[in-house]
Every structure is written in C-alpha cells, then in structure tokens.
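Notes for the structure review
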Amino acid sequence: MSDKHIPTGGDYPDLEVGHNKEWAVGVPAILHSMEPAIKEMGALRTARLMTAINQKSGFDCMSCAWPDPGHRNMLEFCENGAKAVTWEATPVIVPRAFWEENSLTSLLDKSEYWLGMQGRLTEPVYKPRGADHYEPVSWDRAFQIIAGHLKALRSPDEAAFYTSGRTANETAFAYQLFARAFGTNNLPDCSNMCHESTGTALTETIGIGKSTIAYEDFENSDLIIVMGQNPGTNHPRMLSALEDAKRNGATIVAVNPLPEAGLIRYKNPQKVRGILGKGTAIADHFLQIRSSGDMALLQAVARRVVEAEDAAPGTVLDHDFLSEYTLGLGEFMEHIRDVDDAAVLEATGLTLEEIDLVADLYIRSERVIITWAMGLTQQKNAVGTLKEVINLLLLRGNIGKPGAGASPIRGHSNVQGDRTMGIWEQMPEPFMDALAEEFDFAPPRAHGADALQTVAGMQNGDIKVFFAMGGNFIAAISDTEVSEAAMRGTALTVQVSTKLNRSHVVTGEEALILPTLGRTEIDLQGGRPQFVSVEDSVCAVHASHGKVPPVAPGILSEVAIVCRLARETLDGSVDIDWEGFEQDYDLIRDRISRVVPGFESFNEDIRRKGGFILPNGPRDARRFDTASGKAMVTVNHLEPLERPAGRLILQTMRSHDQFNTTIYSLNDRYRGIKKGRDVIFVNPDDLAERGLHDGQRVDIFSEWKDDPDRVLRNYRVVSYPTARGCAAAYYPEANVLVPLLSVSDYSNTPASKAVIIRLEPAERQTRA
Ligand SMILES: Nc1nc2c(c(=O)[nH]1)N[C@H]1C(S)=C(S)[C@@H](COP(=O)(O)OP(=O)(O)OC[C@H]3O[C@@H](n4cnc5c(=O)[nH]c(N)nc54)[C@H](O)[C@@H]3O)O[C@H]1N2
Ligand SMILES: Nc1nc2c(c(=O)[nH]1)N[C@H]1C(S)=C(S)[C@@H](COP(=O)(O)OP(=O)(O)OC[C@H]3O[C@@H](n4cnc5c(=O)[nH]c(N)nc54)[C@H](O)[C@@H]3O)O[C@H]1N2
Ligand SMILES: [Mo]
C-alpha cells in the first residue's frame with residue numbers, strides 16, 4: 001500500500017508540537033487573517049473584499065453556513081473567512097506551461113496543499129485517453145467531448161453529477177434540471193458525507209430536515225447545548241452569538257471528546273473587551289464524552305426527565321404540547337425508563353454527576369437549543385442519536401417557541417440551499433411533480449445514487465461518467481485507495497473547479513478540468529453583472545454579489561457551464577431556454593419561484609436588503625409535515641460502538657488552517673501543532689497503557705470486519721487531553737482509514753468519526 005500520494009507520516013521534517021490553547025480568536029486571529037491577504041492580493045483588493053464579506057450588498061462568505069445577524073458589524077467575518085476569501089481571490093494563476101511541465105504521474109505525488117498553492121485555474125484542459133498530461137482545449141471542444149460521452153451512454157444512469165456545497169441556488173437549480181432532463185437522479189453531493197444523518201432523522205421526526213430556530217433565538221435561550229462541534233475553528237462567528245446568549249443569562253454546555261479552544265474561552269475581536277481583556281469562558285460546563293457516546297448520554301438525560309415527571313406528575317413534561325403536537329410518547333416513556341446507567345457510563349465515559357447536572361439544567365430551563373455538527377452526524381448511530389436530540393427537545397416543548405429548538409449547524413455555505421433547489425438523489429414527489437409541470441417533461445422518478453453508491457457504481461462499472469460541480473470528491477470520500485481505484489475505472493471525469501486538487505489527478509480514462517468563477521468575482525452576463533443567492537443554516541436566503549474582477553478573462557461562471565453543457569447534450573429534447581438562463585439569472589429565479597415553495601416572489605424578495613426567511617413549519621407554527629402530521633417521539637435502541645480491547649475510536653477532523661480538503665497552512669494553532677499534519681492525538685493514559693509515548697512514531701491500523709487492515713504509517717503521537725479510549729487525526733489524510741462500508745445506519749454517511757484503530761510502534765522511527 002502506498003502512503004505517498006497525500007503526505008503521510010514523516011513527510012513534515014519541520015513539525016513542531018506545542019501546547020493546546022484554551023482561548024480562541026482575539027487579536028492574533030484577525031492579524032493572522034489579514035497578513036496573507038495583503039501579501040498576496042495587495043491592500044486595495046484586500047480592502048475591497050474584506051469590507052464586502054457578509055454585508056447586505058456584498059458577497060456571502062464561502063467558509064461556512066453560519067447565519068448573519070440582522071445588525072451587521074463593519075467587519076462581519078472571521079479569521080477563517082478571510083483565509084477562504086484570500087485563497088479564492090488570489091491573483092496567482094496556474095500558467096499555461098504548467099500542463100506541459102507536470103505530468104499526471106508527477107502530480108500524483110503532490111499534496112493538497114501544494115496543488116492548491118499553484119493558483120487559480122484559468123483555461124479548460126483535457127486529458128485524452130492514454131495521455132499523461134492535460135492540454136489546453138477550447139470551451140466548445142470541452143462541451144463536445146462531455147456531450148459525446150453522455151449521449152453514447154446506454155442509460156443516463158451511467159452518469160453521476162456531484163455537487164459541493166459552495167454552489168449557489170441558481171446554479172444548483174439549473175444543474176439538477178439538466179441532470180433530470182438528461183434522465184438521471186444520480187445527484188450525489190457533499191451533504192451525503194456531512195449532514196445527511198440530520199436530514200434523515202429530522203425529516204422523519206419533525207417533517208423538515210433543517211434547523212427549527214431563527215438567528216435571534218440564540219439571544220433568548222436559557223440553555224444551549226453544543227454537541228460534536230468545534231465552532232472556534234469551523235463557525236467562529238457562532239462564538240459571538242454564544243457570548244451574547246451568555247450575557248443574556250444562558251447557560252452553555254459543550255459535549256465533546258476534545259476541549260476545543262473556542263468552547264473553553266473566547267476573545268471577541270469585534271469588541272474592546274475581547275481585545276484587551278481575558279475574554280469570555282464560553283462553556284459553563286464541559287462534558288468530555290467518549291466518541292460515539294452521545295446517544296447514551298441523551299437517553300440517560302431523557303430518562304431523568306421522565307423520572308422527574310414520575311416523581312411530580314404534571315410538572316416536568318409539556319403535556320399540552322405533547323398531546324396536541326406529538327405521537328409516540330407512551331412507548332418512548334416505557335422504553336426510556338429501562339436505560340441502564342452502567343451501560344451509559346461505559347459508552348460515555350462520563351460520571352453520574354455530570355449526567356445528573358445536564359438533566360437538572362434541562363428540566364430547569366424553559367427555552368433550550370441543541371446545536372450539533374459532524375461529531376454527531378458521522379457516526380454509525382447518528383440517525384438514532386439525532387432522533388434522541390429531537391425526543392429530548394419535544395419532552396418539554398422546546399420546538400417552535402422563542403429561544404428554543406434543534407439547530408444543525410451546516411458546513412458549506414450553501415449546502416442547505418442546494419438541497420432546497422433539488423440537489424438530492426431522492427427528491428420527494430411534490431418537487432418532481434412541480435418540475436414536470438413547469439418544464440413539461442417527465443423527470444426520472446427512481447432514486448439515484450448518493451456519494452457512496454456512486455463509488456459502488458464505479459466499482460461495478462455501472463457509472464462511467466463522473467461530473468463534479470466543485471468540491472474534491474476523491475479526497476472527501478472515505479477509503480481513499482479503494483475509491484481512487486474505482487474512479488480510475490470510469491471513462492470520463494469532469495471537474496468544474498476554481499483551484500487544483502486531488503480530484504484532478506485521479507481521473508477516468510479521459511478527463512477535463514473546467515475553470516470557473518468564484519463567489520468573490522464579478523460575473524458579467526449579457527453586459528450586466530449577475531448576482532446569485534444562498535441559504536444559511538437558519539433558512540435565511542440572501543443575495544451574493546461578486547466584488548472584484550475575475551482573475552483572468554475567459555473563465556466561465558458555473559451557470560454558464562451548466563447551460564452550455566445542457567445545450568450541447570440535450571439537443572432541445574426538453575424545451576428549456578438555456579441561452580436565456582445564461583444571460584439573465586432572473587429567468588432562473590422566475591422558474592424557481594414556480595417550483596420551490598417559499599420562493600414565490602423570489603426576484604422581488606431577493607432584492608430586499610438582507611433577503612428573506614423561508615417558511616419553516618416547526619418554527620413558525622408547530623406544524624409538522626410528517627406522515628402522521630405530528631412530531632414523532634421515537635424509540636431508538638442503544639447499540640454502543642464496539643471497541644475491542646486495546647483499540648481506540650479514531651475521529652477524523654479539521655485543523656484550524658484548512659477548509660475541508662483545502663489546506664491553507666500546515667498549522668493547527670489552537671491545538672499547538674505547527675508545520676505538519678502527520679499527527680495523532682491520544683490521551684496520555686491510553687499511551688501509557690500501550691507503552692507508547694509522546695513524540696513516538698506509530699503506524700495506525702484500522703480494523704473492519706474481515707477486511708485486511710487499512711494503514712497510515714509513521715504518524716507522530718501527540719499526548720493530548722482527549723477523552724479516554726479516543727484518538728483524533730486530520731481529514732482528508734486519514735480517509736485511507738475509513739472503510740467504505742462503515743456508515744451511519746439509515747443515512748449512509750461515512751462514519752468518519754468512529755474508526756476502530758490500533759496503534760503499533762512504526763518500523764521506521766523518523767524524528768521524535
Ligand atoms: N474553517 C473551516 N470552517 C469550516 C470547515 C472547514 O473545514 N474549515 N468545514 C465546513 C464544513 S463542510 C462542515 S460540515 C463544518 C464542520 O464543523 P465541525 O463539525 O465542527 O468539524 P470537525 O472538525 O469535523 O469537528 C467535529 C467536532 O466534533 C467533535 N467530536 C468528534 N466525535 C465526537 C463524538 O462522538 N461526540 C461528540 N459530542 N463530539 C465529537 C470533535 O472533537 C470536533 O470538535 O464546518 C464548516 N466550516
Ligand atoms: N474523513 C472525513 N471525511 C470527510 C469529512 C470528515 O470530517 N472526515 N467531512 C465531510 C464533509 S462534512 C464534507 S462537506 C465533504 C467536503 O467535500 P467537498 O465539498 O467535495 O470538498 P471541498 O474540500 O470543500 O472542495 C474543495 C474544492 O472545491 C473547489 N471550489 C472551491 N470554490 C469553488 C467554487 O466557487 N466553485 C467551484 N465549482 N469549485 C470550487 C476547489 O477546486 C477546491 O479544491 O468532505 C467529507 N469528508
Ligand atoms: Mo460538511
């Protein structure tokens with residue numbers, strides 16, 4: 001097994017390991033964020049961009065889906081937003097000579113970091129069958145090649161159309177329309193690897209796969225429980241919302257195997273107090289849970305709530321709410337009384353006092369919000385865990401009242417909007433009916449392939465063409481070696497991208513890279529600047545206007561790429577005005593307004609400053625669009641993750657200086673790591689038990705059923721205060737360890753936070 005393609009163990013000679021930090025953000029963060037921007041882009045371009053981020057007439061920051069407050073600060077962005085903007089808007093471009101100088105074989109050895117640093121892609125390039133180089137190709141020729149392949153397929157289902165969550169609403173709508181007019185529902189997306197478990201659990205229980213809160217609810221909450229989420233790095237502006245909530249009297253509980261910096265202490269860079277003072281301790285209580293133990297914790301808390309009700313009937317549960325709006329309470333109460341504390345302690349690694357404390361806080365609080373991200377969704381029992389989140393909230397009517405609710409915090413800036421626009425392999429019938437009626441064609445009704453099913457389709461030869469609207473599929477998906485082999489078996493791979501990444505070098509027989517405009521750039525069509533729109537984590541839709549000239553002429557917008565490909569491929573078989581769409585995005589929004597509920601006067605509403613909020617049944621009216629018309633209190637069976645003796649549960653997570661597969665730098669400041677990524681964080685007691693020590697090099701073996709072990713070699717052990725029995729390493733490198741078949745039940749999301757591993761001293765001990 002090769003361990004070279006993504007730098008793995010021992011490839012970072014300058015690696016430095018220091019101490020983890022307690023506090024996050026503050027002045028160093030803002031300074032850090034501006035330095036590279038000014039260096040790379042100059043003061044003017046930097047100023048133009050940084051003053052437009054997340055402003056009402058500016059562009060939507062592409063770094064995460066955290067919502068914007070009604071009242072904006074002058075600089076409404078965070079350190080990591082600034083990095084994302086700089087990374088995209090850099091004027092450095094990949095020169096034409098690059099393609100001649102670098103063979104694909106040589107690029108296979110390059111890291112994501114190196115690939116991204118080559119600069120922006122500016123012209124389409126093509127790798128013919130058998131060739132080891134990409135070569136420049138005209139846009140027309142590029143579309144002919146793709147259309148030629150698509151038209152030659154035996155069935156439209158032999159193609160898959162992937163989407164990453166940066167894609168705007170207008171592009172997403174046009175793209176799914178094209179795929180369905182072509183004849184397939186094979187629309188895998190990054191959400192399949194991200195919040196799919198959330199969608200599955202929430203749709204079934206409350207009838208909508210989205211957050212039930214508005215931005216202002218944070219300020220009005222008594223208790224906010226932050227589970228499986230690292231906001232200091234991944235949603236930094238959430239820390240100001242939590243700080244405001246605290247000032248208004250909210251208690252904050254963090255549940256995490258890692259003591260993440262922002263959760264512990266936070267300095268608000270927007271406020272004098274944050275700049276000069278010691279900052280705010282964000283979490284009042286930190287529960288250091290064992291990985292995959294959240295379902296047990298939630299059940300144990302719910303049991304205590306039910307017992308309190310048993311002890312003082314009529315005083316704890318919200319009976320009016322439960323009887324009017326929910327079904328299933330009786331069975332749930334019976335089941336939950338049997339939850340066994342010994343099993344809970346084993347699964348969570350927590351103490352009885354800690355569990356009692358959360359139960360007590362929950363019972364005493366009138367308005368409770370639970371937020372979560374990947375720590376909960378990328379688990380084998382993720383869907384069950386999230387249904388328990390809903391159960392707990394329902395018990396005391398914490399859905400559909402101010403200051404309370406379920407709040408999945410999304411990742412990519414428009415991943416939620418893409419779903420609203422139809423990017424999903426299993427869109428419900430009403431959407432398909434509306435599409436059929438508006439465009440007068442018969443969209444395919446059979447469900448398509450999700451991300452993992454797409455890999456399976458490639459493995460068995462069913463999927464021959466892979467088209468990606470953004471993202472870095474091959475680095476993001478699990479089981480790198482297996483997935484790469486599958487990708488290489490396809491006939492054609494096409495990547496619509498801003499910058500180079502691993503997915504450009506692991507190709508089908510033929511391959512194309514189509515460069516596209518980023519969100520920061522002015523998108524001129526028909527002589528007029530176009531704007532696009534996005535939806536954030538709390539269902540607010542707003543416009544995003546590009547602010548700076550494109551880095552080079554000749555780059556097409558994502559919308560233009562979809563429209564031109566559709567014209568070339570569909571030959572007018574479905575009567576859609578692709579040419580009009582490309583020239584004027586208002587025409588796309590007109591169509592959306594007649595297909596997607598909530599967008600009825602889209603073109604008008606989107607022009608209002610700050611945009612508009614989509615209707616949300618549970619939040620607005622305690623309306624639950626489930627099969628029964630009621631919110632479902634559900635019974636879920638606890639099956640703790642099995643961890644054989646001597647093994648650890650590995651989570652694969654983000655460093656502070658990366659955006660998913662994009663690596664901005666080799667540092668992870670808050671965790672004390674510099675100039676390297678080949679580290680595994682392990683609890684000191686677990687190290688001692690194995691006779692291992694900080695600084696030692698180890699091989700990490702992932703064990704999955706009868707499969708031969710997957711391995712990542714020569715990683716440096718970092719003794720770190722993570723929960724006992726747990727370990728952590730960086731994604732995407734650690735994806736070689738995540739077995740393709742290790743997924744969340746019901747949602748088919750890779751269980752990338754629950755990899756069973758064992759550590760062995762590396763054969764090759766590089767530096768200590
Ligand atoms: N700067 C930056 N911002 C980003 C991204 C980025 O890469 N960089 N990515 C974006 C995307 S797409 C997403 S989805 C989000 C991701 O946002 P997060 O979900 O915050 O990202 P992760 O780094 O995967 O961190 C998972 C967190 O869950 C914890 N965790 C792991 N296992 C468990 C568990 O079993 N139980 C509990 N309770 N906690 C656990 C980890 O310790 C960690 O704190 O961020 C978005 N924003
Ligand atoms: N082991 C493990 N695996 C994971 C995760 C994990 O926690 N652990 N997290 C999962 C999650 S939550 C997610 S969301 C996925 C992410 O999966 P993806 O969304 O596929 O990956 P990204 O790294 O966000 O994609 C980055 C690439 O997008 C392109 N890009 C950037 N901006 C634009 C743009 O404006 N337009 C276009 N067309 N392209 C653009 C650039 O070329 C860049 O290289 O990974 C998943 N994989
Ligand atoms: Mo994500």
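Residues numbered from 1 in each chain as written. Chains lettered and ligands numbered in written order. Predicted model: local features only at pLDDT ≥ 70, side-chain atom pairs only at ≥ 80, totals over all residues. Heavy atoms only, no water.

If you check an unreviewed UniProt entry, the protein appears there as FdhF/YdeP family oxidoreductase from Microbacterium sp. A8/3-1. Turning to the protein, the UniProt annotation filed under Sequence similarities (unreviewed entry) states: "Belongs to the prokaryotic molybdopterin-containing oxidoreductase family." (UniProt positions renumbered as here; feature names shortened; annotations may be inferred.)

What about empty space enclosed by the protein?
This model, assessed by the stated rule, comprises 7 cavities of 30 Å³ or more. Roughly 110 Å³ of volume is contained in the second largest cavity. Forming the boundary of the second largest cavity are 16 residues, of which N54, C61, C64, W66 and R237 lie nearest the centre. By residue class, the composition of the lining of the second largest cavity is 6 nonpolar, 5 polar and 5 charged. (1 Å grid on protein atoms, 1.4 Å probe; cavity = no way out; pocket = protein on both sides within 12 Å on 5 of 7 lines; lining within 4 Å. Points joined across faces, edges and corners; volume = space filled by probe spheres on them. Nonpolar A, V, L, I, M, F, W, Y, C, P; charged D, E, K, R; others polar.)

Digging into the site of ligand 1
The environment of ligand 1 is formed by 33 residues, the closest being N256, E260, S292, D294 and N660. Separating an oxygen atom of ligand 1 from a side-chain N or O atom of R654 is a distance of 2.8 Å. With the chains in place, 99% of the 920 Å² that ligand 1 exposes on its own is no longer accessible. Within the residue set of the shell around ligand 1, elements represented by two or more residues are α9 (231–234), α18 (374–377), β22 (648–653) and β23 (658–659). Ranked by residues supplied to the shell around ligand 1, first place goes to α18 with 3 residues. Among the residues forming the shell around ligand 1, the class breakdown is 11 nonpolar, 18 polar and 4 charged. (Near = heavy atom within 4 Å. Polar contact = N/O pair within 3.5 Å; in protein donor to acceptor, adjacent residues only side chain to side chain. Areas by Shrake-Rupley, 256 points an atom, 1.4 Å probe, with all protein chains shown as cover. Helix = DSSP H or I, 4+ residues; strand = E, 2+ residues; numbered from the N terminus.)

Looking at the site of ligand 2
Y162, S164, E558, T661 and Y731 are the nearest of the 32 residues found near ligand 2. Here an oxygen atom of ligand 2 sits 2.9 Å away from a polar atom, N or O, in the main chain of N472. Take Y731: an N or O atom from its side chain is 2.7 Å from an oxygen atom of ligand 2. Coverage of ligand 2 by the protein chains reaches 97% of its 930 Å² of free accessible surface. Listing elements by their share of the shell around ligand 2, those giving two or more residues are α23 (473–476) and β15 (492–497). Among the residues forming the shell around ligand 2, the class breakdown is 11 nonpolar, 16 polar and 5 charged. In this structure, the shell around ligand 2 is formed jointly by two domains, domain 2 (97–194 + 414–615) and domain 4 (645–761), each of which donates at least three residues. (Domains from an automatic or database assignment.)

Focus on the sheet that holds strand β26 (residues 679–682)
Read around the barrel, 6 strands follow the order β22-β29-β26-β28-β27-β30 and close on themselves; strand pairing throughout is mixed. Direction aside, the axes of adjacent strands within the sheet are offset by 45° on average. Pairing of strand β27 (residues 697–702) with strand β28 (residues 710–719) involves 5 bridges; the strand directions are antiparallel. Residue V698 lies in a different strand from β28, and its bridge partner there is Y715. (Pairing = 2+ DSSP bridges. Axes fitted to C-alpha atoms, helices over the stretch in contact; angles between N-to-C directions.)

Some remarks on unusual backbone geometry
Cis rather than trans, the peptide bond between Y731 and P732 has omega equal to 5°. In this structure, D440 takes a positive phi of about 55° despite not being glycine. Turning to its location among the elements, D440 is positioned in the loop between α21 (429–439) and α22 (451–459). The backbone of K705 shows a phi angle near 40°, a positive value even though the residue is not glycine.

A few points about the packing of helix α13 (residues 294–311) against helix α19 (residues 382–395)
Close contact between α13 and α19 brings their axes to 9 Å; oriented N to C, the two are set at 20°. With respect to their mutual orientation, α13 and α19 come out roughly parallel. Here α13 runs over α19; the crossing is left-handed. From α13, D294, M295, L298, Q299, V301, A302, V305 and V306 reach across to α19, where they touch G384, T385, E388, V389, L392 and L395. In the contact of α13 with α19, the residues fall into 9 nonpolar, 3 polar and 2 charged. (Parallel < 35°, antiparallel > 145°, perpendicular 65-115°, else oblique. Left-handed = near helix turned anticlockwise from the far one by under 90°. Contact = heavy atoms within 4.5 Å.)

Quick look at the sheet that holds strand β6 (residues 223–227)
Read from one edge to the other, the open sheet built from 5 strands follows the order β10-β7-β6-β12-β13, with strand pairing classed as parallel. Two strands bound the open sheet, and with one partner strand each, they are β10 (285–287) and β13 (405–408). Averaged over all pairs of adjacent strands, the angle between their axes in this sheet comes to 15°, without regard to strand direction. Here α13 sits on the sheet and contacts β6, β7 (251–255) and β10; the angle it forms with β6, its principal contact strand, is near 155°. Contacting β12 (368–372) and β13, α19 crosses the sheet at an angle of about 170° to β12.

Comments concerning the packing of α21 against helix α27 (residues 585–595)
Two packed helices can be described by the angle between their axes and the distance between those axes. Taken N-terminus to C-terminus, the directions of α21 and α27 make an angle of 130°; their axes are 9 Å apart at the nearest point. Put simply, α21 runs oblique to α27. The two elements α21 and α27 cross, and the hand of that crossing is right-handed. Contact residues: α21 offers F431, A434, L435, E438 and F439, while α27 offers R591, R594 and V595.

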